[in-house]
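Residue-level listing of the chains:
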Amino acid sequence: MKKHGLAKFGQLLGNLGAVKFSDYKYNRQNIAQWDLSPKSKWIVKNINIVDVEKGKIHEENAILINGVRFGKRLQQQEVETLSGKPEIKKVIDGKGHYLVPGMSDIHCHLSLISEYGIKPSGLHYFDAQRMKNCEYALSKGCTTIRDSNGAYDMVHGLKEEIDNNRLLGPRILPSYTALTPPGGMWDINGAANKMAEMIFGGKILDYPKNMEDIKRHIDEVVAWGAHSIKIFLEDKPIYGGKEDFVYNMFTDEQVKYIRDLADEHEKLVESHALFIKGARKAIRGKVNSIAHLTLDESYSIKDAEMMAQNNVAIVPTLSLGSFLAMDCGTKGFPEHEEYKFFREMLQKYVKPNMERTTLPQLSTSYFSFYDYIQDKIEGRKMPGFGHVYPERCHGFGVYAPKSFENFKKTGTKVGVGTDGGTGICFAGALEIEFESYLRYGYSTKEIVRMATLGNMEIMKMDDQLGSISENKWADMLFIKDNPFENVMSMTSPVKVFKEGRCYIDNEV
Ligand SMILES: [Zn+2]
């Protein structure tokens, strides 16, 4: 992928480290054969069509696909009449499977790679891992993702390859470079910030000093085609620095300015917040959604009421719980039920996901990160950062049940996202999300809706995507089981279609 400035230098360093004179050429996965034009009409018959809105199975068991969009649902009789007509180019037998809308992961980072224990030679393979992340997300049934922060060259490069059918991957709704104030979270120091550009393929953060800088940033990402403006509202570290260290945060006035500019351009605002102070600032600032859960206290009923009132959704990224369930010996909350649950999720899903998702040349680094989380270490340090604060890490699970209770009481919108790209979380891998939602009392019907239509409502794209409705884009999955009985079957689709085209067919 094209790189500029320091990123280009990083690539060169990676190639040198791997003793290679050119960039690594990734052997991409095959895209399923598709012989129809984007204007062709065709039919899926003998399939149980899932109505995510009403939580039921439609009475008709066939559907017309009108090029890139859904057509009408059809009765058996109509299928027989239409099948013989010349304008119907194909009839696919759904074999009694279930047809669900394409899912989405609305908080992940396709271009970020776990840099744990990475040597310069690792950089040689980062672009390949980025492509593999896209392939994996689509294979898991996510036809849309929000890329919540990444360098323009990387995210846009992946998007172009996918949109031109040269790479398997979801539709990307990008945020590109994110905003954090000088002295704020991730403003580490001059050298480290530059180093990040080398690792991540370009600038992933802007540190605006004043209102003019904020405007310049927003104008820039809007010109690039960003779907959301990503900001950080965080006042303390979970690792690194000192425990009592306080990060700079944007002022309420600055958050309001960001909100106003985003409105002017009809863009969403997404805020990262892991602590209640930043979360409350985000709620007051009427951002569209908050990423992650809080580590220091639960969202109170008042917070949740205000979220519902201000239309602020939350994307809890529960997969992050397994990342934060680091064994700190006696420190933190090792006896807490929620800590134990996320440990269980770590063991059940993370390693198999790693095996399927990571490039062999990088897997040692991913697995050693897994081992690092898994191992019992009192007085932990995050390599390259410093001290880990166990109460904060384990707080993710500890404060979760009460937050969900309050979200439910107030009807606060909850979305589905993985934070894939951060260490041991993977874009499109929704298993931990679903298991956690079941644990926190959501029904299978609610979960199916959240991962499809609910997410698209948060992204303000529900008029185009998220359900199997006439004239919406024909993003759909064939799955084996009734998702209302077995919601996990959503995560291993048999076939994956995006805009009426089959991209992944596990039946051939
Ligand atoms: Zn994230």
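Going along each chain's sequence as written, the residues are numbered from 1 onward. Restriction of local features to residues with pLDDT of at least 70 applies here, the model being predicted, together with a cutoff of 80 or more for giving and counting side-chain atom pairs; totals for whole chains, interfaces and linings are based on all residues.

A word on the overall build of the chain
Inference 1: When helices and strands are counted, the chain shows 16 helices and 21 strands.
Inference 2: Seen through its principal axes, the chain has C-alpha atoms that stretch 70 × 60 × 45 Å. Numbering of helices and strands starts at the N terminus; helices are DSSP runs of H or I of at least 4 residues and strands are runs of E of at least 2.

Overview of helix H8 (residues 276–284)
Inference 1: Each residue is classified by how many other C-beta atoms fall within 10 Å of its C-beta atom, where C-beta atoms are placed from the backbone; a count of 20 or more means buried, 12 or fewer means exposed, and values in between mean partly exposed. Among all positions of H8, only Ile276, Gly278, Ala279, Lys281, Ala282 and Ile283 are buried.
Inference 2: Residues are defined as contacting one another if the C-beta atoms placed from their backbone atoms lie within 7 Å. Buried residues in H8 make contact with helix H7 (252–264), strand E14 (268–272), strand E15 (289–291) and helix H9 (301–310).

Here we look at the packing of helix H11 (residues 337–357) against helix H15 (residues 431–439)
Inference 1: Here an angle of 0 to 180 degrees is reported between the N-to-C directions of two axes, which are lines fitted to C-alpha atoms, with helices fitted over the stretch in contact. The N-to-C vectors of H11 and H15 enclose an angle of 150°; their axes lie 11 Å apart at closest approach. The way H11 lies across H15 gives a crossing that is right-handed. Counting all contacts with H11, which are made through Phe341, Met345 and Tyr349, the residues of H15 involved are Glu431, Ile432, Glu435 and Arg439.
Inference 2: Looking at side-chain class alone, the contact of H11 with H15 contains 4 nonpolar, no polar and 3 charged residues. In this scheme the crossing of two helices becomes right-handed for a clockwise turn of the near helix relative to the far one and left-handed for an anticlockwise turn of less than a right angle. Amino acids are sorted into nonpolar (Ala, Val, Leu, Ile, Met, Phe, Trp, Tyr, Cys and Pro), charged (Asp, Glu, Lys and Arg) and polar (every other residue, Gly among them).

With respect to the nonpolar core
Generally speaking, soluble globular proteins have nonpolar side chains that are buried together.
Inference 1: Membership of the largest hydrophobic core comes to 150 residues, with the highest contact counts inside it found for Ile63, Leu99, Cys134 and Ile231.
Inference 2: Considering every element that reaches this core, the biggest residue donor is helix H16 (residues 444–458), with 7 residues.
Inference 3: Excluding residues within four positions of it along the chain, Cys134 makes contact with Leu110, Leu158, Ile162, Leu167, Leu168, Gly169 and Pro170. In this description, a nonpolar core means buried residues of the types Ala, Val, Leu, Ile, Met, Phe, Trp, Tyr and Cys, linked to one another by C-beta atoms lying within 7 Å.

Description of the sheet that holds strand E6 (residues 88–93)
Inference 1: Two strands pair under a simple rule: DSSP has to find at least two bridges between them. Across the sheet, 4 strands lie side by side as E5-E4-E1-E6; this open sheet has mixed pairing. Each edge of the open sheet carries a strand with a single partner, namely strand E5 (69–74) and E6. Pairs of neighbouring strands in the sheet enclose a mean axial angle of 25°, with direction left out of account.
Inference 2: Bridge count between strand E4 (residues 62–66) and E5: 4 bridges; the pairing is antiparallel.

Description of helix H4 (residues 152–163)
Inference 1: Under the convention used throughout, the expected extent of a helix is 1.5 Å for every residue step, that is, one less than its residue count. If you check H4, its first and last C-alpha atoms are 16 Å apart, about what 12 residues at 1.5 Å a residue would give, namely 16 Å.
Inference 2: In terms of burial, H4 is a largely internal element, 9 of the 12 residues being buried.
Inference 3: Along H4, the positions that sit buried rather than exposed are Tyr152, Asp153, Met154, Val155, His156, Gly157, Leu158, Lys159 and Ile162.
Inference 4: Of the surrounding elements, those touching the buried residues of H4 are helix H1 (5–17), helix H3 (126–139), strand E9 (142–147), strand E10 (171–174) and helix H6 (211–224).
Inference 5: Positioned one or two residues after H4, Asn165 has a phi angle of 60°, which is positive.

Some thoughts on the pairing of strand E19 (residues 476–479)
Inference 1: Every second residue of E19 is oriented toward a common face, with Met476 and Phe478 on one face and Leu477 and Ile479 on the other, all of them buried.
Inference 2: Across 4 bridges, strand E7 (residues 98–101) lies against E19 in antiparallel orientation. Considered in E19, the bridge of Tyr98 is made with Ile479.
Inference 3: Here E19 pairs with strand E20 (residues 495–498) via 3 bridges, running antiparallel. Residue pairing for E20: Met476 is matched across the bridge by Phe497.

Describing unusual backbone geometry
Peptide bonds are trans in most cases, and residues, glycine excluded, mostly fall at negative phi.
Inference 1: Of note, the phi angle at Asn471 is positive, near 80°, even though the residue is not glycine.
Inference 2: If you trace the backbone, Asn471 turns up in the loop between H16 and E19.
Inference 3: Non-glycine residue Glu499 carries a positive phi angle of around 45°.

Some points on the environment of Asn353
Inference 1: By the element assignment, Asn353 lies in helix H11.
Inference 2: On the basis of neighbour count, Asn353 is assigned to the buried category, with 23 C-beta atoms found within 10 Å.
Inference 3: Here the alpha-carbon distance between Asn353 and Arg28, two residues 325 residues apart in the chain, equals 19 Å.
Inference 4: The residues touching Asn353, leaving out its near neighbours within four places in the chain, are Phe426 and Ala429.

Overview of the packing of H11 against helix H12 (residues 360–374)
Inference 1: It is at 10 Å that the axes of H11 and H12 come closest, and there the two elements cross at 170°. Here H11 lies roughly antiparallel to H12, going by the angle between them. Mapping the contact onto sequence places Leu346, Val350, Lys351 and Met354 in H11 and Ser363, Tyr366, Phe367, Tyr370 and Ile373 in H12.
Inference 2: Considered class by class, the residues forming the contact of H11 with H12 number 7 nonpolar, 1 polar and 1 charged. Note on terminology: angles under 35 degrees are roughly parallel, angles over 145 are roughly antiparallel, angles of 65 to 115 are roughly perpendicular, and the others are oblique.

Section: the sheet that holds E9
Inference 1: Taken together, the 3 strands give an open sheet; going across it, the order is E8-E9-E10, and neighbouring strands pair in parallel fashion. Each having just a single partner strand, strand E8 (103–108) and E10 make up the two edges of the open sheet. Sheet twist, expressed as the mean angle between neighbouring strand axes with direction ignored, is 20°.
Inference 2: Together, E9 and E10 form the strand contacts of H4, whose direction differs from that of E10 by roughly 155°.

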